[in-house]
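Each chain, written out:
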Amino acid sequence: MGAPAEDPGGFPRTAAVVGLGLIGGSLALRLREIGLRVIGVDTDPAAVALALERGAVDAGGADLGTVAEADLVVVATPLSEVVPVGLAASRRMRAGAVLTDTASVKAPVVAAIHAGIPAGVRFVGGHPMAGSERAGMAAADPALLDGRPFVLTPTARADADAVAVLQGVVTAMRMRPVLLDPLQHDELAAQASHLPYLVSLALRRAVADDARAIGGPALADMTRIAGSPAAMWMEICRMNREAIARALARFEGELDAVRRELAEGAPAR
C-alpha cells in the first residue's frame with residue numbers, strides 16, 4: 001500500500017476512475033469540472049485516448065498501480081469485474097484513501113469487497129442512478145449526473161469520515177447523496193431500475209414490426225432502454241434475481257388489475 005493520504009478526512013484532491021465507459025467517463029468529466037486531478041485507468045487504449053482527448057482525465061493508462069496517487073478511487077468497470085478490480089485496486093491504494101464503486105447491485109459486491117480489502121483502505125459502496133441506452137467513453141456526458149441520486153451503501157464496517165467525504169463529493173458533482181443498506185438498495189433498484197429495463201424489453205418484443213413502423217414518441221421512449229447493452233443487463237439480472245422476481249410479481253399484479261379495469265370499462269388512473 002502507498003504512503004498515507006495527505007488529508008484522509010478532507011475533500012479529495014486526486015481521484016482515480018477505473019473503467020472509462022459511460023458512467024466512469026461521465027464521472028471523470030464531472031470530477032475534473034469540480035477541480036480534482038483525475039487519473040483514468042482502462043485496459044482499452046482507445047478509451048484512454050478518448051478520455052484524454054475529451055479532457056476527462058489528466059493522465060491515463062492501463063496500469064492499475066496509478067491509483068496509489070489518488071485520495072479517492074472509483075471502480076466503474078462492468079459489474080462482473082467490480083469485485084476483482086476493486087480488490088486489486090485496494091491493494092495499491094494509499095492508507096486512508098477512499099474506495100467506492102458504481103455497481104448496480106450492491107449486497108454481494110459490498111460483502112465481497114469488505115471481506116478482502118486491506119486494513120487502512122476505507123470502502124463505501126456506491127451506485128450513481130444515472131445512465132442511458134448508449135455505452136462507452138464516446139457517450140460519456142456529465143449532464144447525465146445532474147440532479148440524479150448517488151446511492152451510498154455504508155455498512156457497520158464503513159468509516160464515518162469516508163461516508164462524509166463521499167457525500168461531499170457527490171453533492172459537489174451536483175448529484176443527491178442517498179444512504180441505503182445494501183440489501184435495501186437492491187430491493188429498491190430492482191423496482192426503480194431493473195424492472196423498467198425488463199418491461200421495456202418485453203414491450204419491444206410484444207409490438208409487431210408493422211405496429212412499430214407507425215409508432216410515435218411514446219413507444220420510442222418506452223422501448224429506448226431495451227437498446228442498452230444486453231450483457232450488462234444479463235449480469236445485473238443474474239446477481240439481483242430474487243429482488244427482480246419480486247418486482248416482476250408486483251408488476252404482474254398491477255397488469256392483472258389493469259385487465260380487470262379494462263373489462264369493466266377503462267383502467268383507472
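Above this text sits the structure in question.
So, here's what we can say about the structure. (Residues numbered from 1 in each chain as written. Predicted model: local features only at pLDDT ≥ 70, side-chain atom pairs only at ≥ 80, totals over all residues. Heavy atoms only, no water.)

### Topic: the pairing of strand β4 (residues 72-75)
Threshold: In this scheme, a residue with accessible area under 20% of its type's maximum is buried, one over 50% is exposed, and one in between is partly exposed, where area comes from a 1.4 Å probe on protein chains only. Helical segments are the DSSP runs of H or I of at least four residues, strand segments are the runs of E of at least two, and each set is numbered from the N terminus. Paired strands, in this sense, are two strands between which DSSP finds at least two bridges.
The two faces of β4 match: Leu72 and Val74 on one face and Val73 and Val75 on the other face are all buried. Here 4 bridges tie strand β1 (residues 14-18) to β4, and the two strands are oriented parallel to one another. Bridging from a neighbouring strand, Val17 pairs with Val74 of β4. Bridge analysis of β4 against strand β5 (residues 98-101) gives 4 bridges, and the strand direction is parallel.

### Details of the packing of helix α6 (residues 182-206) against helix α10 (residues 241-264)
Put simply, the rule is: Whenever a helix is involved, its axis is fitted only over the stretch in contact; in every case the axis is a line through C-alpha atoms, and angles between N-to-C directions fall within 0 to 180 degrees. A crossing counts as left-handed when the near helix is turned anticlockwise from the far one by less than a right angle, and as right-handed when that turn is clockwise. Throughout, a contact is declared for two residues whenever any of their heavy atoms are within 4.5 Å. When residues are sorted by character, Ala, Val, Leu, Ile, Met, Phe, Trp, Tyr, Cys and Pro go into the nonpolar class, Asp, Glu, Lys and Arg into the charged class, and all the rest, Gly among them, into the polar class.
The interhelical angle for the contact between α6 and α10, taken along N-to-C directions, is 65 degrees, at an axis separation of 8 Å. The interaxial crossing formed by α6 with α10 has right-handed handedness. Packed against α6, whose contacting residues are Asp186, Glu187, Ala190, Gln191, His194, Leu195, Leu198 and Val199, the element α10 presents Ala243, Ile244, Arg246, Ala247, Leu248, Arg250 and Phe251 at the interface. Of the residues contributing to the contact of α6 with α10, the split by class is 9 nonpolar, 2 polar and 4 charged.

### Quick notes on the nonpolar core
Put simply, the rule reads: Only buried residues count toward a nonpolar core. Its members are Ala, Val, Leu, Ile, Met, Phe, Trp, Tyr and Cys residues joined through side-chain atoms within 4.5 Å.
Ranked by size, the top nonpolar core spans 37 residues in total, and within it Val18, Leu64, Val67, Val73, Met93, Leu99 and Ile113 carry the most contacts. At the level of secondary structure, the elements contributing two or more residues to this core comprise β1, β2 (37-41), β4, α3 (79-90), α4 (107-116), α6, α9 (230-239) and α10. Looking at this core element by element, the count peaks at 6 residues for α3. The next biggest cluster of nonpolar side chains, apart from the first, holds 35 residues, and it includes Leu20, Val38, Val48 and Val163.

### What to know about the packing of aromatic side chains
We apply this condition: Note on aromatic contacts: the rings of Phe and Tyr and the six-membered ring of Trp form a pair at centre separations within 6.5 Å, being stacked when their planes are under 30 degrees apart, edge-to-face when over 60 apart, and tilted otherwise.
Under the criterion given, the structure shown has 1 aromatic pair. Taken together, a centroid distance of 4.3 Å and an interplanar angle of 0 degrees make the contact between Tyr197 and Trp233 stacked. Within this pair, whereas Tyr197 is found in helix α6, its partner Trp233 is found in helix α9, the two being separated by 36 residues in sequence. As far as burial versus exposure is concerned, Tyr197 and Trp233 are alike and both buried.

### Some points on the environment of His185
The cut-off we apply is this: Two N or O atoms count as a polar contact when they lie within 3.5 Å, although within protein this holds only if one can serve as hydrogen donor and the other as acceptor, and sequence-adjacent residues are included solely when both atoms are side-chain atoms.
For His185, the position within the fold is in helix α6. His185 sits in the buried class, given a relative accessible area of 2%. Separated by 46 residues in sequence, His185 and Ala231 have C-alpha atoms that sit 22 Å apart. At a separation of 2.8 Å, a polar atom in the side chain of His185 contacts the side chain of Asp186.

### Regarding helix α1 (residues 22-33)
Threshold: Helices are assigned an expected span. That span is 1.5 Å times one less than the residue count.
With 12 residues, α1 extends 17 Å between its outermost C-alpha atoms, agreeing within 8% with the 16 Å of an ideal straight helix rising 1.5 Å per residue. Most of α1 is tucked away, with 10 of its 12 residues classed as buried. Within α1, burial applies to Leu22, Ile23, Gly24, Gly25, Ser26, Leu27, Ala28, Leu29, Arg30 and Leu31.

### Digging into the sheet that holds strand β8 (residues 149-153)
Strand order across the open sheet formed by 3 strands is β7-β8-β9, with mixed pairing between neighbours. Edge positions in the sheet fall to β7 (125-128) and β9 (176-179), since each of these pairs with one other strand and no more. This sheet shows a mean twist of 25 degrees between the axes of neighbouring strands, independent of strand direction. Where β7 and β8 come together, 4 bridges link them in antiparallel fashion. The partner of Gly125 across the bridge, within β8, is Thr153. Its contacts with the sheet put helix α5 (residues 160-172) on β8 and β9, and the angle it makes with β9 is roughly 145 degrees.

All we've got here are geometric facts, nothing functional implied.
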